[in-house]
Amino acid sequence: MNVLTPSPELLAPCGSLTMLQTALDFGADAVYAGQPRYSLRVRNNDFGKEENLAEGIRRVHQAGKKFYLVSNLIPHNAKIRTFIADMIPIIALQPDALIMSDPGLMLMVRERWPEQPIHLSVQANTVNYASARFWASVGIQRIILSRELSLDEIAEIRQECPDMELEVFIHGALCIAYSGRCLLSGYFNHRDPNQGTCTNSCRWNYSLKPGESETSGQACQSSVAPQEFYLEEAERPGQLMPIEEDEHGTYILNSKDLRALEHVAKLTAIGVNSFKIEGRTKSPYYVARTCQTYRQAIDDAVAGRDLDPGLLRQLEGLANRGYTAGFYERHPDQTYQNYLRGHSKSERSLYVGDLVGYEADGWARVTVRNRFSLGDRLEIIHPSGNLDVPVTELHSLEGRPQATAPGSGYTVCLPLPTGYAGAFLARYLEEEVPSTENCGSPS
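Residue numbers restart at each chain and count upward from 1, following the sequence in its written direction. Predicted model: local features are reported for residues with pLDDT of at least 70 only, side-chain atom pairs are reported and counted for 80 or more only, and whole-chain, interface and lining totals are derived from all residues. Water and hydrogen atoms were dropped before computing side-chain values, which therefore reflect all heavy atoms in the structure.

- Under an unreviewed UniProt entry, the name given to the chain is Putative protease YdcP, and the source organism is Ferrovum myxofaciens.

As structure tokens, then:
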């Protein structure tokens, strides 16, 4: 058994203090959060308030872990003028690194705070070892590699740049262009991806309309002149957009979600320093599921154990657009795309509630997120391990028996084992009895 393999960092997203604490509880080694004005998630979050950012960094450091602050915007001049003043109180909080992509902002940080570690954002699209060497020469501590790299390409960069820290994405949404480079959202809504306001236009519902020939007024079927087609977006009827296709196909497509669980052992062997989960705008439940699953996969890889196939099923409990291994192994183009739906869907289980505490009679008090009923089987998801339980009884806070826990906004009580306060609850969607094996503890 290979016990000498260095353990890569498990890096989790946090858009709130609740997500941050969940990531720590479920096995993350580090977290990252966006600075609303200067990151690619400019919408307000908990860390837009300096006191929340200070509290988040304090909690992480108290746990002996790391906090990375995302400042990876590609700024226009207006934000350049305010950057240093805005960053003075932020740097004083001592984030472990800034995640950045714009060379101008990096230069400003280097000049004002030369000791502040900087990680290069995936937004910079680093795809070769020559670029990695350049960034090393200007003092970048870590490079978050482009998602478009194969395992072999990552291994080559590792070999050519042995002293550079490397980080890769292992789970989450994929962009249909090189990260943040898509122009669709700016075209439709004047909300630019590289300014942090992407509306995910690639996932909208489009229909294909045949064009009319200018010469005959009919759709051109000539083998000489190519067929003309137009896209019509569901919310913009009558607004036809010409679409062109080359030998690689068209580019307004809906990517599946990345799941690189099967490649954790290989990436660990290559010597990647950090495994990153995408999803700062997702829920604490998402963070719990992904951290717990990848924590076990990393620990197994480091110890030389084979991947537990049950972990793949754990991730089916998350809403997703279908999974792909992305570019880690080269596949036919269609395996990257989801042609059937643009929304997320869970195939295994549905997040239904939070176990917030216990009543005096010992029954669990649950804040409901989605409907569940008597006879359902629930999975308790907790840092100490998971447990399957049937719903045999259910009543309101006032003690009235009921057959169903309605949707979000209700609180109900039911008999559940003690010691699971703070757990998430998921309802199994399949008819067969699930495995009773616990997912490993993130110790």
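## Quick word on the packing of helix H3 (residues 77–91) against helix H4 (residues 103–112)
Inference 1: Throughout, an axis means a line fitted to C-alpha atoms (over the contacting stretch in the case of helices), and angles, computed between N-to-C directions, take values from 0 to 180 degrees. The helix and strand labels rest on DSSP assignments: H or I over at least four residues marks a helix, E over at least two residues marks a strand, and numbering proceeds from the N terminus. The interhelical angle for the contact between H3 and H4, taken along N-to-C directions, is 40 degrees, at an axis separation of 11 Å. The angle between H3 and H4 falls in the class oblique. Along this stretch, H3 crosses H4, giving a crossing that reads as right-handed. In this structure, H3 contributes Ile-80, Phe-83, Ile-84 and Ile-88 to the contact, and H4 contributes Leu-105, Met-108, Val-109 and Arg-112.
Inference 2: Polar here means any residue other than Ala, Val, Leu, Ile, Met, Phe, Trp, Tyr, Cys and Pro, which are nonpolar, and Asp, Glu, Lys and Arg, which are charged; Gly is therefore polar. Partitioning the contact of H3 with H4 into residue classes produces seven nonpolar, no polar and one charged. Any angle from 65 to 115 degrees is called roughly perpendicular, while one under 35 is roughly parallel, one over 145 is roughly antiparallel, and all others are oblique. By convention the crossing between two helices is left-handed if the near helix lies anticlockwise of the far one by an angle smaller than a right angle, and right-handed if it lies clockwise. It only takes one pair of heavy atoms within 4.5 Å for two residues to be counted as in contact.

## Digging into the nonpolar core
Inference 1: Phe-67 and Leu-267 are the most contacted members of the largest nonpolar core, which has 86 residues in total.
Inference 2: Sort the elements by how many residues they give to this core and helix H9 (residues 284–303) lands first, with ten residues.
Inference 3: Domain segmentation is taken from an automatic or database assignment of domains. Residue-level mapping places this core at the junction of two domains, with at least three residues from each of domain 1 (9–175 + 256–324) and domain 3 (349–428).
Inference 4: Leave out the neighbours within four places in its chain, and Leu-267 touches Leu-151, Ile-154, Val-168, Ile-170, Val-272, Phe-275 and Tyr-328.
Inference 5: Each nonpolar core is a collection of buried residues, namely Ala, Val, Leu, Ile, Met, Phe, Trp, Tyr and Cys, held together in the definition by side-chain atoms within 4.5 Å. Only protein chains enter the calculation, and the probe is 1.4 Å; a residue is then buried if its accessible area is under 20% of its type maximum, exposed if over 50%, and partly exposed in between. Counting 18 residues, the second-largest nonpolar core is a separate cluster that includes Ala-364, Val-368, Phe-372 and Val-412.

## Concerning the packing of aromatic side chains
Inference 1: Pairing of aromatic rings covers Phe, Tyr and Trp, the last through its six-membered ring, and needs centres within 6.5 Å; plane angles under 30 degrees mean stacked, over 60 mean edge-to-face, and all others mean tilted. Tallying each qualifying case throughout the model produces seven aromatic pairs.
Inference 2: Ring geometry for Phe-26 against Phe-424: centres 6.2 Å apart, planes inclined by 45 degrees, an arrangement best described as tilted. Placement of the pair is Phe-26 in the loop between helix H1 (17–25) and strand S2 (30–34) and Phe-424 in strand S22 (residues 424–428), with a sequence separation of 398 residues.
Inference 3: A relative accessible area of 2% means that Phe-26 is categorised as buried.
Inference 4: You can call Phe-424 buried: its relative accessible area is 7%.
Inference 5: Through pairs of rings, three or more aromatic residues link up here, namely Phe-26, Tyr-285, Tyr-351 and Phe-424.
Inference 6: By definition here, charges over rings are those cases where NZ of Lys or CZ of Arg is within 6 Å of the ring centre and within 35 degrees of the ring normal. Its end group placed over the ring of Phe-169, Arg-147 keeps NZ or CZ at 3.9 Å from the ring centre.
Inference 7: When the ring centre of Tyr-32 is taken as reference, the NZ or CZ atom of Lys-276 above it lies at 4.4 Å.

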